[in-house]
Structures are given as C-alpha cells and as structure tokens.
Amino acid sequence: MKMKWKNPIGSGLRSYKPGKAAVLVLGTVLLLTACGKAGGSSPDADASKPANAVQGSSQTKKPAANNETVEALYEQAKQEGKLIVYSTSGRANDAAETFMKQYPEIKVEVSKVKSDEMMDKVTKEQDAGQFNPDVIITKEVSGAVEEEMVKPGRYIKYLPEDLAPMVDEPYRTQAEGYANYLEFRTVFYNTEHYKTAPITNWWDLTTPEYKGKVYTADPLSSPAFMDLFTTMVVNSEDMAAAYKEKFGKDIELHGTENAGYEFIQQLFANGLVVLKGSDDVLDAIGKADSDAIGLAVSGDVSKVEEKGWSILPIYDIKPKTSVPDSGYLFLANKAPHEAAGKLFIRWMMGGKDGQGEGMNPFNEVGSWVPRSDVKTKNEISFEQLNLWNYDGEALYFASPKVRDFWIKQK
Amino acid sequence: MLHRPALHAWQTRWLNRCRNALRNPLYLIGAAALLFLAYTIVWPVLHMIYTTLVWRTQDARLTAAADPGHLTFYHWQRVLASDISWSLFYKPVVNALSVGLSVSAVSMILGCGLAWLVTRTDIPFKKTITFLAIIPYLLPSWMLSQAWLTFFKNSKIGGTPGILQSLLHVAPPDWISYGYVPIVMTLSIHDSVYFFLLVGAALSSMNSQLEEAAEMVGAGRLQVLRRIVFPLVLPSVLSGFILIFTKAVSSYGVPALLGTPVNFYMISTMLYSSMRSRLTTEANVLSLTLMLISIGAIYLNQRLIGRRRSYVTVSGKGSSVTYTTLGRWKLPAAAATVIGMVIVAVVPLLVLLLQTFLLKDGSFNAANLTLHYWLGGSDPSINTGEKGVLQNPIFLLALKNSLMIAGIASVIAAVMGLLFGYVVARGKNTAMGRLVDQLSFFPYFIPGISLAAIYITMFAKPVLFIPALYGTITIIILITVVKELPFTVKAGGASLMQIGNELEEAAVLGGASWFTRFRRLLLPLSRKSLLSAFILVFIGAMKEMELIIMLVTPRTETLTTLTFYYVEKGYEQLTNVVLMIIIAIVVTVYLLAVKFGKADLTKGIGGQ
C-alpha cells in the first residue's frame with residue numbers, strides 16, 4: 001500500500017523534465033523582474049533616498065520661508081545636486097537649459113506629461129510613497145487640479161515673499177497658485193480677408209453671417225476649450241446681458257437652462273464645425289484667404305510665421321473675451337530636492353526684477369506674465385485684458401453637466 | 001484502516017490525473033501563463049470593474065447623490081440608460097462596430113490577396129512586395145489620414161483645398177472626405193499588414209500536395225481555393241479578423257482627425273474624452289463595454305474554429321511548394337501591386353523625408369534645403385533656437401532606451417506569444433486553453449493610460465518577489481509585452497495549430513524532453529510567425545507613446561516621448577526627423593532579422 005502511495009510522488013519527482021517548460025515561462029517573467037533589479041536600480045534609489053533624507057532632516061517645511069535668499073537656496077541646492085520637473089509645457093525645457101548654465105552644479109531633469117495624466121501619475125506615486133518630482137508646471141483641468149491636487153496638498157503653492165508684491169491678482173493671493181504665464185481661448189480671423197476684427201460680441205457667432213463658418217477645437221478632447229464654455233454657463237447673466245446689448249431684446253431660452261447653454265445650442269444650430277485641435281482650426285482659417293473665424297489658443301500666435309498663417313486673435317469680445325488658462329508653478333509634496341526646486345521656480349519667474357533669463361520662454365506673444373514689473377510682448381497688458389475669473393471650484397462641479405449638454409448636441 | 005482500499009482507488013485515480021497533469025508541460029506552462037495573466041491583466045481589469053461600482057469623492061461633480069465609498073450602479077446606468085446614453089454610448093458603439101467590421105473585411109481582402117500572391121504564385125518582385133507591405137504600418141496612422149485629407153479634403157474644414165478639388169473644381173461630398181469611409185480606408189491600409197503576415201505564414205507552410213491532389217481529381221482553381229486553401233488558413237484568417245477588428249474598434253488617432261468634422265464619434269474617441277475630462281469612471285465603464293464586445297467576438301471565433309478539426313499542414317512528411325502560375329497576368333499583376341503599394345507607402349514616406357530638409361515647410365526650391373533639423377546648432381531665427389535632433393542632448397539617451405525597450409520587449413513578447421500560443425493551440429478544448437486565449441486578449445481594450453496608471457500603483461513598491469519596477473526601463477518593457485499579448489498569442493497559437501502533434505509525439509518517443517522539443521522542433525517550425533511577431537512588436541514598441549508616457553521618467557525617456565516635446569512646440573520638421581530615425585531603425589532591424597533569422601515570408605517555411 002505504501003509503495004503505491006509513494007509511487008506517484010516518486011515518478012512525479014522523476015518526471016522532472018516538463019518542469020523546464022514552466023521554468024521557461026517563469027524564467028521570462030523573472031527575467032523582467034531581474035532586469036528591474038540590475039538595470040534600473042539606480043534611478044529608483046536616487047528618487048526615493050533623498051526623499052527620506054530631506055524628510056528626516058526636517059528642513060524648512062514652510063513653502064515660503066521669510067528669510068529665503070537665492071544664495072542660501074543655492075547652497076542647499078548644491079547639496080541636492082539635481083531636481084526633477086514634471087511639466088505640461090515645453091517651456092520648462094528652455095528654462096532648464098539657461099538654469100543649468102547659471103547653476104552648473106544642479107542638473108534639471110524634465111518629464112513632459114499632459115496635465116490630466118500628471119494628476120494621475122503624481123497621485124499614484126505619492127500614494128505609493130514615491131515622491132519623485134520637485135517642481136510641477138501644469139495647466140488646470142476644469143478645476144480638478146485645484147480640487148484634487150492643491151487642496152489635498154499634493155501640489156503646494158509657492159510664491160517667494162520677496163517677489164509677491166510684484167505679482168498681479170488673482171495670482172498673488174486668490175488663485176490656487178502662482179502662474180508664470182497665462183493664455184486663453186479666443187476668436188481668430190484671417191487678416192487677408194478682414195482688415196479689422198470682424199466680431200465684437202460672442203453672440204455674433206450665432207448670426208446667419210457666420211453660418212457654417214465658425215470652427216472650434218473639440219472641447220470633448222480638450223478640457224481647456226470646455227472651460228471657456230463652462231465659464232459662459234457659470235456666468236450666464238453676463239451672456240444674457242451681452243445678448244441684450246447685441247440684439248436689443250431679452251434673451252429667449254429654447255428649452256435650455258440659461259444664456260450660457262443657449263449660446264452653445266445656438267452655436268451648434270448655426271453649423272459649428274468641430275476640428276481635432278487648435279492647430280487644425282488655424283489651418284482652416286489661416287492657410288488661405290477665408291471669411292471663416294475660429295476658436296483657438298492665444299499662445300498659438302507665436303507659431304504664425306513658422307506655420308505661414310495669416311491670422312490675428314481678437315482681444316476684446318463682449319461680455320468678456322475669455323477665461324485665463326494659467327500655467328501654474330507648484331512645488332510637489334515632499335519634494336526631494338526642495339531648495340533646488342525653489343531656486344528653479346525663482347529662475348522661471350525671472351528673479352527679483354523679473355528680467356532674468358529664465359522668464360524668456362514664458363514671456364511670449366500670445367501669453368502674459370502676471371507680474372506688474374514685466375513688460376509684455378503683446379499690444380495690450382494683462383491688466384487691460386477683459387477676462388472672466390477662473391473659478392476652479394465652480395468649473396469643477398459645472399463642467400460634467402456642460403460636457404453632457406455638449407455631447408447631446410451631436 | 002478498513003476504508004483505506006476504497007479511498008485508495010479513488011485517490012490513485014486522482015493522483016494519476018495529477019501526475020499526468022504534472023507530466024504534461026501543457027499544464028505547467030498553462031499555469032505559469034495564467035499566473036502571469038492574472039497579475040498583469042486580470043487584476044487591473046478587476047480593479048477597473050471595482051471602480052465602476054463604487055462612488056468616488058469626485059463623483060460629487062456628477063450628482064448630489066454621490067456617497068463616497070458605497071456601492072452604486074450609477075456609472076453604468078449613466079452610460080447605458082440615461083438621457084445622454086444615445087450620444088455617449090449607443091451611437092459611438094454602432095459607429096465603432098461598423099468601422100471594426102469594415103476595416104477587418106477590407107484588410108482581409110488586401111492582406112490575404114497580397115499574402116496569396118506572394119506565397120503561392122510565381123509573381124516577380126516578391127521580396128520587394130513583402131518589404132513594401134510593412135511600410136504603411138511603419139508610418140503613424142494619423143499620417144495616412146493626413147494624406148487622405150490632402151487628396152480628398154473639401155471646403156468644409158477650410159484651409160487649402162484638397163488636390164482633387166483643385167484639379168476637378170468639384171468638392172468631394174462629405175462622406176468621401178470625412179467620417180466612416182476615410183476612417184475605414186486609412187485603418188485598413190495601415191493594419192492589413194497583420195493579415196498579410198499571419199495568413200502569409202499559414203499559406204507558406206501549407207503543403208501544395210493538397211492543392212495538387214485536389215486538382216488531380218478535377219477540382220477547378222476556385223474550387224481548390226474554396227475547399228482546400230480557405231479552410232486551411234481559416235484559423236489564421238479568423239485570428240487576423242479579430243485582431244484587426246479590435247484594433248480598429250479601439251483606435252483613436254484616425255477617428256479623431258477624420259471623424260470630428262462630421263460628428264462621427266466612436267467609443268474610443270468618447271473614451272479619450274472622458275479620460276481627458278477626468279471622468280475616469282466613465283472611461284472605465286466604456287472600456288469594459290469594449291471588452292464585453294470583444295469577448296463576444298472571441299467566443300464566436302472559438303465556436304467557428306472549435307467546431308472544425310484543426311488542420312495540420314506541417315506534418316512529419318516531406319512537403320514542397322509549387323507556385324500557381326499567373327501566366328500572362330504575371331507582369332500586370334506585379335506592376336499593379338508594386339505601383340499601388342508605392343503610392344500608399346513610399347510616396348508619403350518620401351514626402352516626409354523631403355520635409356525634414358526644408359527650412360521652411362512647403363516651399364520646394366534649392367535655397368530652402370537645409371540639414372539644420374538634423375545636425376544644426378542653435379539658431380535663434382529657427383524654432384526659437386531649438387537645435388537639430390542629433391544635437392539634442394537627450395537624443396542619445398532616448399535612442400538607447402528606445403532600442404533597449406523595443407529590442408528586449410519584442411523578443412520576450414514573441415517567445416511568450418509562442419508559449420502562450422502553445423497552451424491555446426494544444427489545449428484548445430480545455431478551459432485552460434480558452435482562458436489563456438481570452439485573457440491575453442484584454443490588453444487591447446484597456447486604454448494605455450489606464451493600464452499605465454494601475455501599473456504605477458502595482459509596481460511602485462516591492463510586492464513578494466517582484467521588486468519596485470516603477471522608474472525603470474523594465475516596467476516599460478513589461479507593459480509593452482503585455483499590451484502586445486493579444487497579437488503575439490494569436491500569432492503563436494495560429495502557427496502552432498498547423499504543426500502536427502505527431503511530430504511532437506515522435507520526439508517524445510525519441511526521448512526528447514519538452515524543452516528540447518520546444519527548442520529543436522516548435523521554435524524552428526514556427527520561426528516565420530515568430531519573426532512576424534518580433535517585427536510587429538518591435539515596430540509597435542518603437543512607435544508607442546500613449547502607453548508609456550506616464551511610466552517614463554527623465555532617465556527612461558524614449559524617442560517617441562522626445563517627439564512629444566517637438567509636437568507640442570509645433571516643430572514639424574524636428575518631429576519628422578525623429579520619425580525618420582525610428583523608421584530607419586525599424587527597416588534595418590527588419591532586414592537584419594530576415595537575413596539572420598533565415599525566415600523568409602516569400603519562401604517555404606524556414607528550414608524546410
């Protein structure tokens with residue numbers, strides 16, 4: 001009996017060869033993990049160790065300490081040796097290049113990620129105890145950056161106290177953070193066809209003159225475009241007033257909730273053409289003589305020469321031209337190279353007088369630097385721009401509904 | 001003690017079965033495969049399902065009823081049965097299904113036709129045709145749609161009119177310019193290479209004695225095709241069909257460019273929108289519905305193959321290939337094929353290459369030619385001082401990383417595909433085989449971004465024996481391998497189904513261990529399919545962007561993530577330079593693989 005009991009096990013041991021098959025499969029799996037250990041351990045260790053070290057040595061935890069000087073930060077930053085930036089904008093790379101010339105002991109590594117993906121990335125990293133980035137350069141995503149990242153303390157507002165007095169509102173005290181530049185969505189026209197701006201009021205877009213001649217980048221794939229429409233819904237009284245100013249009568253709602261929604265509905269009824277992105281819109285109206293107009297990003301004027309567009313943006317539309325799309329600068333939570341990060345933010349801000357080289361990539365035509373002492377390259381100043389306030393909290397809660405409304409128009 | 005004998009008989013039987021199972025490598029590989037799939041695919045999918053069933057804090061944006069942490073069907077109801085379901089879900093689903101089916105059908109005709117010409121006829125220029133067939137897949141699919149617009153654009157989306165309109169002074173109708181038709185055409189041209197390679201591998205390993213026998217008993221050429229050839233390649237054709245179907249259904253770039261002007265949305269474009277608007281749960285529901293659709297499709301596929309015998313074409317007997325003669329059609333057929341392929345593949349490629357030498361895009365004169373975008377230093381008047389690609393300090397690192405990721409991932413993926421395919425093919429009537437087949441198919445439906453996001457959580461900290469992979473090249477290799485499993489497993493399975501059991505049985509009798517059998521028998525016999533898998537995964541990995549962008553850290557930057565910066569800045573020439581470099585690498589690797597892999601699609605199966 002016992003013999004029989006042992007037999008299967010015995011032969012199981014003897015028939016050892018098939019095990020190689022499994023070894024092969026598992027081996028492949030292990031190979032992957034082994035690669036991880038051997039090849040990739042250094043960046044991994046680099047990223048996590050200083051994080052603990054900084055936390056352990058209980059450095060200046062307050063983002064904006066009073067007696068912070070560039071010299072002191074530089075001394076500390078030299079110890080840290082490098083810094084990691086997550087950025088939605090390529091402008092970070094340009095600033096990093098000049099920064100490394102100024103501070104050769106500090107190496108800047110820039111990761112380019114879209115703003116919504118960055119939120120996921122940083123959230124997952126931090127939840128797993130990995131604190132990788134030091135500086136965050138990001139756009140808003142319908143208020144989600146403020147609600148999901150800034151309020152829970154994942155992104156930390158940092159505005160050096162000595163620079164704060166020069167910063168324009170809302171970025172000094174009211175906004176979720178300091179933005180080093182801002183751009184916005186507005187209406188563009190073809191300069192060969194029109195001598196002056198063809199429209200002055202958002203409601204012009206709903207008139208027969210522009211039937212089938214209004215282009216926009218798809219707000220369904222670009223939250224920043226949706227934010228403009230959501231802002232119109234949130235500020236529907238403004239839209240209603242502009243309607244009255246344009247047509248001389250009170251607005252009549254056709255089954256919609258307010259003047260903001262009504263505007264979207266009438267825009268569709270007037271044959272709005274939706275294209276993939278901002279560049280496609282400017283291609284559509286700017287490549288050849290065209291009487292069409294389109295919604296695109298103000299910052300795109302800097303590409304005019306390269307792309308061969310004949311276009312100009314309109315900077316004065318009623319009731320308000322647009323809503324700002326700000327490029328915020330944050331420190332990341334538990335930044336492993338905090339001093340270097342702060343130094344880099346100061347660099348991008350252009351330093352004490354706003355004249356520093358680090359500012360250059362941000363001070364471009366089509367974007368504005370919200371600092372009173374920085375001269376803009378645009379014809380009108382930031383203070384003169386007639387923009388709605390970016391109300392992150394309101395947009396956060398209103399945008400899904402506006403998006404639904406938009407989808408239903410299809 | 002008295003009960004012992006009775007128990008014993010039962011136990012012996014059970015133990016015998018266990019022993020057989022342990023002896024059979026199929027179960028061991030199967031178990032390892034399932035373990036791998038469970039961790040890398042099932043777990044993320046379960047995680048996705050879970051998120052669709054609970055309220056999250058963020059859901060307060062959608063409804064005041066949100067109760068964070070509690071169970072709810074709200075998300076499913078919102079997508080499937082609310083007042084926006086028609087626009088958000090049903091219409092895009094119908095669009096996606098029709099695009100998916102049409103693309104599969106069109107690429108089947110293109111791919112199979114080409115494969116037949118190359119493998120079974122005496123058409124000249126076989127190597128050239130095979131090589132040309134790969135090129136459309138090398139180009140990013142949005143480029144083909146861009147090319148379509150250049151020809152067929154009408155005034156609806158403004159800008160410079162399409163070539164057709166300039167020549168004929170008649171605007172093509174919207175349905176030719178945008179939406180369903182162009183989406184199907186560009187995706188078919190781009191993806192038909194899958195059919196070409198899968199069916200080509202099957203056809204070339206088919207013994208032409210079968211056809212000759214049929215002809216001898218008086219079957220006409222069409223009858224041979226229908227009764228002999230078609231059933232034999234059916235598993236490959238069905239695999240190809242399902243692959244292309246799911247690829248088309250989940251494609252994003254092409255429908256976004258060609259569909260939006262006429263409000264033609266597919267599930268994939270809606271899904272991308274949900275993602276970008278931070279409605280992650282909605283995106284998860286949408287991808288899960290895509291998965292359900294695919295499971296349905298795979299089920300049908302298995303019913304179709306399962307009901308038939310699987311046809312073994314590679315047996316122990318000798319085989320030879322005789323080519324069908326095309327007679328007087330030989331030259332016209334060759335000319336038409338080559339010219340057609342040059343138009344869809346080579347012309348766009350050359351235009352792109354030329355563009356990288358143009359200082360100012362669009363002006364074709366000698367003074368405008370420059371090497372600046374390749375080699376130039378910083379010149380403030382061009383691209384605000386951006387240096388040429390080869391001068392970019394990150395370029396070398398990115399090149400090294402890209403080569404490493406694509407090289408290692410494609411080898412692992414191809415071998416793994418064959419192993420998993422072994423389980424699928426040999427165990428096609430077992431639950432295990434079916435499970436491996438189905439599970440390995442999911443990655444096509446998990447949006448790259450979602451998968452990457454889940455992987456960060458899973459691999460940021462060491463778990464059991466798996467070290468913290470996040471921040472390393474390894475995790476990018478891993479996710480590439482996983483994402484390509486649908487294709488590699490299908491290819492491996494389809495190829496192994498053709499290899500007769502008798503070969504393995506003979507080897508067993510000769511005392512060969514499974515490992516020897518695999519190395520000396522299965523590996524060489526499926527060399528061609530292995531090579532196809534390697535090439536396609538390599539290309540895919542070199543082009544991959546969405547999937548890895550979240551997992552990339554500054555040190556693991558790749559060539560594609562480098563273009564991300566150029567694209568955003570609007571530096572078209574620089575973007576194209578990187579693209580040309582990627583294409584050059586892929587072409588080199590392809591030629592090397594064909595030369596040293598000794599597997600040539602145009603000839604009989606390697607080694608025979």
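Everything numeric in this text was worked out from a predicted model, so none of it was measured.

Draft legend 1. Layout of the overall build of chain A. Broken down by element type, chain A carries 14 helices and 10 strands. For chain A, buried positions account for 61% of its 410 residues. A fraction of 77% describes how many contacts in chain A between residues 6 or more apart in sequence connect residues 24 or more apart. For chain A, the accessible surface area stands at approximately 16000 Å², while carbon and sulfur atoms represent 52% of it.

Draft legend 2. Structural detail: helix α21 (residues 501-509) of chain B. Residue and element names in this part refer to chain B. Residues of α21 that are buried include every one of Leu503, Glu504 and Ala507, and no others. The arc enclosing the buried residues of α21, seen along the axis, measures out at 95°, which places them on a common side. Looking at the packing, one finds that the buried side of α21 touches α17 (395-426) and α22 (514-525). Phi for glycine 511, located one or two positions after α21, is positive at around 85°.

Draft legend 3. Spotlight on the interface of chain A and chain B. Taken together, the contacts link 88 residues of chain A with 91 residues of chain B. For the pair chain A and chain B, the summed buried surface comes to about 8000 Å²; carbon and sulfur atoms form 60% of the total. At the junction of chain A with chain B, the criterion picks out 8 salt bridges. Across the salt bridge formed by Asp116(A) and Arg276(B), the nearest N and O atoms sit 2.8 Å from each other.

Draft legend 4. Here's a closer look at the pattern of salt bridges. Evaluated as defined, the whole model comprises 33 salt bridges over all chains. Ionic pairing is found between Arg278(B) and Asp120(A), a salt bridge with its closest N-O pair at 3.4 Å. Residue Arg278(B) is located in the loop between α13 (267-276) and α14 (280-307), and its partner Asp120(A) is located in helix α6 (residues 115-127); the two belong to separate chains. The class of Arg278(B) is buried, set by a relative accessible area of 7%. The shortest N-O distance in the salt bridge between Lys244(A) and Asp250(A) comes to 3.5 Å. Through salt bridges with shared partners, one network takes in Glu68(A), Asp162(A), Glu338(A), Lys342(A) and Arg346(A).

Draft legend 5. Local environment of the side chain of Ser192(B). All names here are of chain B. Counting through the fold element by element, serine 192 comes out in helix α9 (residues 180-204). The class of serine 192 is buried, set by a relative accessible area of 12%. Of note is the side chain of serine 192, whose polar atom sits 3.5 Å from the backbone oxygen of isoleucine 189. Look past the residues within four positions of serine 192 in its chain and what remains in contact with it is Ser107, Leu110 and Gly111.

Draft legend 6. Here's a closer look at empty space enclosed by the protein. Residues and elements named next belong to chain B. Across all of its chains, the model carries 15 cavities of 30 Å³ or more by this definition. There is about 100 Å³ of room inside the second largest cavity. As for the second largest cavity, its lining consists of 13 residues, and the residues nearest its centre are Asp59, Leu62, Leu279, Thr280 and Thr281. Residue classes in the lining of the second largest cavity are distributed as 3 nonpolar, 4 polar and 6 charged.

Draft legend 7. Representation of the environment of Thr186(B). All names here are of chain B. Among the secondary structure elements, threonine 186 is positioned in helix α9. On a C-alpha basis, the gap between threonine 186 and valine 254 in space is 7.7 Å, while along the polypeptide they are 68 residues apart. If near-sequence neighbours (up to four positions away) are discounted, threonine 186 is found in contact with Leu144, Ser145, Trp148, Val254 and Leu258.

Draft legend 8. Local environment of a nonpolar patch on the surface. All names here are of chain B. Judged by side-chain polarity, Phe151, Ile163, Leu167, Leu168 and Val170 come together as a nonpolar surface patch covering roughly 510 Å² of accessible area. The element best represented in the nonpolar patch is helix α7 (residues 163-168), accounting for 3 residues. Its place among the elements puts leucine 168 in helix α7. Look at leucine 168 and you get exposed, because its relative accessible area is 55%.

Draft legend 9. Representation of the layout of surface pockets within the structure. Each pocket or cavity is described by its volume, and for the second largest pocket that value is around 760 Å³. In terms of lining, the second largest pocket is formed by 30 residues, of which the most central are Asp120(A), Thr123(A), Lys124(A), Arg56(B) and Gln58(B). Elements with a minimum of two residues in the lining of the second largest pocket: α6, α7 (144-150) and α14 (392-408) of chain A together with α2 (25-53), α14 and α19 (448-459) of chain B. Classifying every residue of the lining of the second largest pocket gives 13 nonpolar, 9 polar and 8 charged.

Draft legend 10. Seen up close, the confidence of the model for chain A. All names here are of chain A. In the predicted model, chain A carries a mean pLDDT of 84, and the fraction of residues at 70 or more is 84%. Of all helices and strands in chain A, the one with the weakest mean pLDDT is helix α3 (residues 41-56) (36), whereas strand β3 (residues 135-138) scores best (96). Throughout residues 1-19 the model reports pLDDT below 50, and contacts reaching past four residues in sequence, or to other chains, amount to 17 contacts. In this model residues 30-64 is a low-confidence stretch, pLDDT under 50, and it forms 52 contacts with partners more than four residues away in sequence or in other chains.

Criteria and cut-off values
Residues numbered from 1 in each chain as written. Chains lettered and ligands numbered in written order. Predicted model: local features only at pLDDT ≥ 70, side-chain atom pairs only at ≥ 80, totals over all residues. Heavy atoms only, no water. Helix = DSSP H or I, 4+ residues; strand = E, 2+ residues; numbered from the N terminus. Buried < 20%, exposed > 50% of the residue type's maximum accessible area, 1.4 Å probe, protein only. Contact = heavy atoms within 4.5 Å. Areas by Shrake-Rupley, 256 points an atom, 1.4 Å probe, with all protein chains shown as cover. Arc of directions from axis to C-beta. Buried area = accessible area lost by both parts, 1.4 Å probe. Salt bridge = Lys/Arg side-chain N within 4 Å of Asp/Glu carboxyl O. Polar contact = N/O pair within 3.5 Å; in protein donor to acceptor, adjacent residues only side chain to side chain. 1 Å grid on protein atoms, 1.4 Å probe; cavity = no way out; pocket = protein on both sides within 12 Å on 5 of 7 lines; lining within 4 Å. Points joined across faces, edges and corners; volume = space filled by probe spheres on them. Nonpolar A, V, L, I, M, F, W, Y, C, P; charged D, E, K, R; others polar. Patch = residues over 30% accessible without salt bridge, like charges linked within 9 Å, V, L, I, M, F, W, Y side chains within 5 Å. pLDDT = per-residue confidence, 0-100.

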